[in-house]
2 protein chains.
Amino acid sequence: VYRMHCATSCDYDVVFTRDVLDPSNRLLAEAVDSRPALIITDRTVHGLLGDRLRAYTEAMHAPVGVLALDLTEHTKTMATVLEICARAEALGLGRRDPLVALGGGICSDVVSVAASLMRRGVPYIAVPTTLIGQVDAGIALKGGVNFSGTKNYLGCFTPPKRVLIDTGFLTSVPRGELSGGFAEIVKMALILDDELFEAVALSGPELIRSGLSAPEGVGETIVKRAVELMLDQLGENCYEDRTLKRLVDFGHTFSPRLEELSGYRLRHGEAVAVDMALTCALATELGAFGEHELETVITTLRSLALPVHSPVCTRAAIDEAIESTTKHRDGTLNLVIPTGIGHATFVDRASDIPAAAVDAALERVTAAAMTSDTSAQLLV
Amino acid sequence: VYRMHCATSCDYDVVFTRDVLDPSNRLLAEAVDSRPALIITDRTVHGLLGDRLRAYTEAMHAPVGVLALDLTEHTKTMATVLEICARAEALGLGRRDPLVALGGGICSDVVSVAASLMRRGVPYIAVPTTLIGQVDAGIALKGGVNFSGTKNYLGCFTPPKRVLIDTGFLTSVPRGELSGGFAEIVKMALILDDELFEAVALSGPELIRSGLSAPEGVGETIVKRAVELMLDQLGENCYEDRTLKRLVDFGHTFSPRLEELSGYRLRHGEAVAVDMALTCALATELGAFGEHELETVITTLRSLALPVHSPVCTRAAIDEAIESTTKHRDGTLNLVIPTGIGHATFVDRASDIPAAAVDAALERVTAAAMTSDTSAQLLV
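Since the structure is predicted, the reported quantities are computational estimates derived from the model, not experimental observations. (Residues numbered from 1 in each chain as written. Chains lettered and ligands numbered in written order. Predicted model: local features only at pLDDT ≥ 70, side-chain atom pairs only at ≥ 80, totals over all residues. Heavy atoms only, no water.)

### Thoughts on the overall build of chain A
Here comes step 1: Along its length, chain A carries 14 helices and ten strands.
Here comes step 2: Expected size for 380 residues packed as a compact globule is a radius of gyration near 21 Å; at 21 Å, chain A falls within 12% of this value.
Here comes step 3: Here the C-alpha coordinates of chain A stretch approximately 60 × 60 × 35 Å along the principal axes.
Here comes step 4: Counting over 380 residues, chain A shows a buried share of 61%.
Here comes step 5: Surface accessibility of chain A: about 13900 Å² in total, with carbon and sulfur atoms responsible for 51%.
Here comes step 6: Across chain A, the mean location of the 34 positive side-chain charges is 7 Å away from that of the 49 negative side-chain charges. (Helix = DSSP H or I, 4+ residues; strand = E, 2+ residues; numbered from the N terminus. Rg over C-alpha atoms; globule rule 2.2 N^0.38 Å. Buried < 20%, exposed > 50% of the residue type's maximum accessible area, 1.4 Å probe, protein only. Areas by Shrake-Rupley, 256 points an atom, 1.4 Å probe, with all protein chains shown as cover. Lys, Arg positive; Asp, Glu negative; His and termini not counted. Charge placed at Lys NZ, Arg CZ, Asp CG, Glu CD.)

Put into structure tokens, the structure is as follows:
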């Protein structure tokens, strides 16, 4: 027996800044470090930021290419990853020349997979332009593409070299995207931080209406807290090789199947909201979560213009999700359920959940979705 | 600034055994651990071992699929990787269910890429059936596929969960494959171990003729020493994130370009031999390596039925290789040259090599290749 031993580590910084594409802001240029680079962006983002991006790259004193792609869950595939690789190869990028993801969660998903494959790994820099990117997809290590009908079946753990967060981008993203981002913030708050939950419940609707610019300063404070909580959760288990029991999987047990079944018409944040509402209702049925707390969660989600139920969320879909999640979590379900606002625990196995509890939870969210929803209507 | 910190490590065992596919040998079954699994193998290997493999998997008491693929440098592509992923998905493999590579270097190359992508990483077990697999490709972390005309442009660092080496497989592989394997052993010997070099020079031809079975015990001793040296070299830098100066890159500076230019008719081990002969000649021109030592290397390579030159190894090819290798090693060439048998150093930059020295080295290997080669003829 011969033994291989090598210790390595994962370290990166998430830096908050403003006007990241102003040529006087050197953070992105410093991260790229005067190297040839390829910036991958979404066509929509490019439509909004193309001119500023061009001015910025011209001031970078290095050959920097820009590739604007049509990025949706339908194009979140290995074919798109290979398109990025081909462009990088054509540009002659070397071993330590970076790919930069300037866009939302799908952008960082495909770019990090491309970066992990090219030359067995080139640096990956994330500049998330959406709220979901800034609090979740763009600050973590996970890349993924959809394959063979399964969301994120192929992917990687790729630590970014650097993450730059500019909440100023959020003034120009659609409100629906901001709602989706708040779904991920509600997730962190529900499992870990009741004060964050209160802040979101209080200011979330106004933050969405204002593109996070009002109330002044509150948006950035909330985003920073969500980022801090996420990095803290990822820290000890960032490759998911120590455990598959992760609090941050709250809202992510039923949601992938709902997204798949909807043909990705249900967006990620919306699916997470539906999952959270169902899971909270299930926790109430199991006696772990109070009636009043459940009502607070439902009301808060709806005030953020998030759905609490969806027609694709049937009993059959729930069972399929339990089966596929159990497979993904190596034979145990590890369902995260809240035990209060800011506290959570795990239900290890599907057999620990009575069928009647699932049915009753489903009835609860169906009923909640049917009541008139003035706050959400106000938003849309 | 928020900081992510996570320490992880890479540890795996390389286990020598015999009759690995005999149902009474439980090593592979133990590595698979009664889980569903997919064994990927080469069609040629499957033709030779299919019956034994079937008997073995039937005794494994777990649903184990077998996928036999046409594996050549031409099919070492992402399409083949995705074919493996699709089969594994269809079999319903879960997060910790392994892929097993039973074959040569190309097999472990594509299987490790598939394993790294599926669910962001499933276990990968290597059972190399060729000499090059047993001393090089199958025991290390690197997977790779060819892309856009560049060898191994896409790939991964995926530590195997376990490597099982059975030199008994080598009695049935073609002699040309064994020669290629010896090219990698000569590489390790030249840079690190003069005693290993002497053993190869003394017994290599007979070992090739006998499928490593004679002289008795010598083959396994040589393979074990080569494995030990390789794991020792990889240990401190297995993700190549600490340095791109690696002694084990000896013979791998010009060879990828030669393989590409030959349309992969020049096999990997042959290309490594051509590279080593040229590099040794260059070292002699630079005054680092003796005339007598160069002659010993050339004679030894030829006695192993390895080429010391190839028509694709032109001055233009050398320049292209220097350019692309420099890009792959982040702007420095890091050419490994021997300073004696068992000792090596680095030439950092292409500018440190006078053009005349390259021309003279090329002349030396061209001349060496034209002299009649009785030992190689004896082998073929």
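Structure shown, so let's carry the discussion forward.
### Some points on the pattern of salt bridges
Here comes step 1: A complete count under the given rule lists 52 salt bridges over all chains for this structure.
Here comes step 2: Note that Glu-220 of chain A is salt-bridged to Arg-18 of chain A, the shortest N-O span being 3.6 Å. Of this pair, Glu-220 of chain A sits in helix α8 (residues 218–235) while Arg-18 of chain A sits in the loop between β1 (2–16) and α1 (27–32), and the two are 202 residues apart along the sequence.
Here comes step 3: In this structure Glu-220 of chain A comes out as partly exposed when scored by relative accessible area, which is 22%.
Here comes step 4: The class for Arg-18 of chain A is partly exposed, based on a relative accessible area of 47%.
Here comes step 5: Each of Arg-95 of chain A together with Lys-142, Glu-240, Arg-246, Asp-249 and Arg-329 of chain B takes part in one network of salt bridges that share partners. (Salt bridge = Lys/Arg side-chain N within 4 Å of Asp/Glu carboxyl O.)

### Comments concerning the relation of the copies chain B and chain A
Here comes step 1: Once chain B is rotated about the relating axis by 180° and shifted along it by 0.0 Å, it coincides with chain A to within an RMSD of 0.0 Å. On this basis, the relationship between the two copies can be described by a two-fold rotation axis.
Here comes step 2: Residue by residue, 100% of the interface of chain B is reproduced at the interface of chain A, so both copies engage with the same surface. (Least-squares fit on C-alpha atoms with pLDDT ≥ 70 in both. Contact = heavy atoms within 4.5 Å.)

### Re the interface of chain B and chain A
Here comes step 1: In this assembly, 63 residues from chain B lie in contact with 63 residues from chain A.
Here comes step 2: Interface area lost by chain B to chain A is led by Tyr-2, Met-4 and Arg-120 of chain B, which between them contribute 17%.
Here comes step 3: Summed over the shared surface of chain B and chain A, the result is four salt bridges.
Here comes step 4: When the shortest N-O distance is used, the salt bridge between Asp-330 of chain A and Arg-35 of chain B registers 2.8 Å.
Here comes step 5: There are 24 residue pairs in polar contact (both at pLDDT 80 or more) connecting chain B and chain A.
Here comes step 6: At 15 residues, strand β1 (residues 2–16) of chain B tops the list of elements feeding residues into the side of chain B that touches chain A.
Here comes step 7: Here the residues of the side of chain B that touches chain A are counted per class, giving 31 nonpolar, 14 polar and 18 charged. (Buried area = accessible area lost by both parts, 1.4 Å probe. Polar contact = N/O pair within 3.5 Å; in protein donor to acceptor, adjacent residues only side chain to side chain. Nonpolar A, V, L, I, M, F, W, Y, C, P; charged D, E, K, R; others polar.)

### Describing the packing of helix α10 (residues 268–285) of chain A against helix α11 (residues 291–303) of chain A
All names here are of chain A.
Here comes step 1: It is the contact of α10 with α11, at a shortest axis distance of 9 Å, that shows an interaxial angle of 170°. Here α11 runs roughly antiparallel to α10, going by the angle between their axes. Mapping the contact onto sequence places Ala-273, Met-276, Ala-277, Cys-280, Ala-281 and Thr-284 in α10 and Glu-291, Leu-294, Val-297, Ile-298 and Leu-301 in α11. (Axes fitted to C-alpha atoms, helices over the stretch in contact; angles between N-to-C directions. Parallel < 35°, antiparallel > 145°, perpendicular 65-115°, else oblique.)

### Things to note about the state of the cysteines
Here comes step 1: The final tally for this structure, using the stated rule, is zero disulfides over all chains.
Here comes step 2: Distance from the sulfur of Cys-85 of chain B, which forms no disulfide, to the nearest cysteine sulfur (Cys-156 of chain B) is 11 Å. (Disulfide = S-S within 2.5 Å.)

### Here's the deal with helix α12 (residues 315–328) of chain B
Within an α-helix, residues lying three or four positions from one another point in the same direction, as the helix has 3.6 residues per turn.
All names here are of chain B.
Here comes step 1: Here α12 contains 14 residues, and its C-alpha end-to-end distance of 20 Å stays within 8% of the 20 Å for a straight helix at 1.5 Å per residue.
Here comes step 2: Buried residues of α12: Ala-317, Ile-318, Ala-321, Ile-322, Thr-325 and Thr-326, and no others. Along α12, the residues classed as buried sweep out an arc of 165° about the axis, all on the same side.
Here comes step 3: Considering only its buried residues, α12 is in contact with α9 (255–261), α10 (268–285) and α13 (355–370).
Here comes step 4: Positive phi appears at Asp-330, one or two residues downstream of α12, with a value of about 55°. (Expected span 1.5 Å × (residues − 1). Arc of directions from axis to C-beta.)

### Quick notes on the side chain of Asp-109 of chain B
Residue and element names in this part refer to chain B.
Here comes step 1: Structurally, Asp-109 can be placed in helix α4 (residues 105–117).
Here comes step 2: The exposure class assigned to Asp-109 is buried, which follows from its relative accessible area of 10%.
Here comes step 3: Setting aside chain neighbours within four positions, we find Asp-109 in contact with Lys-76, Lys-142, Gly-143, Gly-144 and Asn-152.

### Remarks on the pairing of strand β5 (residues 124–128) of chain B
All names here are of chain B.
Here comes step 1: Counting buried positions over the five residues of β5 gives five, a clear majority of the element.
Here comes step 2: Where burial is concerned, the two faces of β5 agree: the one with Tyr-124, Ala-126 and Pro-128 and the one with Ile-125 and Val-127 are both buried.
Here comes step 3: Where strand β4 (residues 99–103) meets β5, five bridges bridge the pair, whose relative direction is parallel. Counted as the bridge partner of Ala-101 is Ala-126 from β5.
Here comes step 4: Assessed by its sense of winding, the connection that carries the chain from β4 through α4 to β5 is right-handed.
Here comes step 5: Relative to strand β8 (residues 162–165), β5 runs parallel, the two sharing two bridges. Across the sheet, the residue bridging to Ile-125 is Arg-162, located in β8. (Pairing = 2+ DSSP bridges. Right-handed = clockwise from strand over helix to strand, strands pointing away.)

### Digging into the packing of helix α6 (residues 175–192) of chain A against α10 of chain A
All names here are of chain A.
Here comes step 1: Running from amino to carboxyl end, α6 crosses α10 at an angle of 35°, the nearest separation of the two axes being 7 Å. The handedness of the crossing between α6 and α10 is left-handed. Across the interface between the two elements, Gly-180, Ala-183, Glu-184, Val-186, Lys-187 and Leu-190 from α6 touch His-268, Gly-269, Val-272, Ala-273, Met-276 and Cys-280 from α10.
Here comes step 2: When its residues are assigned to classes, the contact of α6 with α10 shows seven nonpolar, three polar and two charged. (Left-handed = near helix turned anticlockwise from the far one by under 90°.)

### Observations concerning helix α13 (residues 355–370) of chain A
All names here are of chain A.
Here comes step 1: With 16 residues, α13 should cover 22 Å at 1.5 Å per step; its first-to-last C-alpha distance of 23 Å lies within 8% of that length.
Here comes step 2: Taken as a whole, α13 has its buried residues at Ala-357, Val-358, Ala-361, Leu-362, Val-365 and Ala-368. Projected down its long axis, α13 carries its buried residues within an arc of 135°, all on one side. Away from its buried face by more than 90 degrees, α13 exposes Ala-356, Glu-363 and Met-370.
Here comes step 3: For α13, the secondary structure elements touched by its buried residues are α10, α11 and α12 (315–328).

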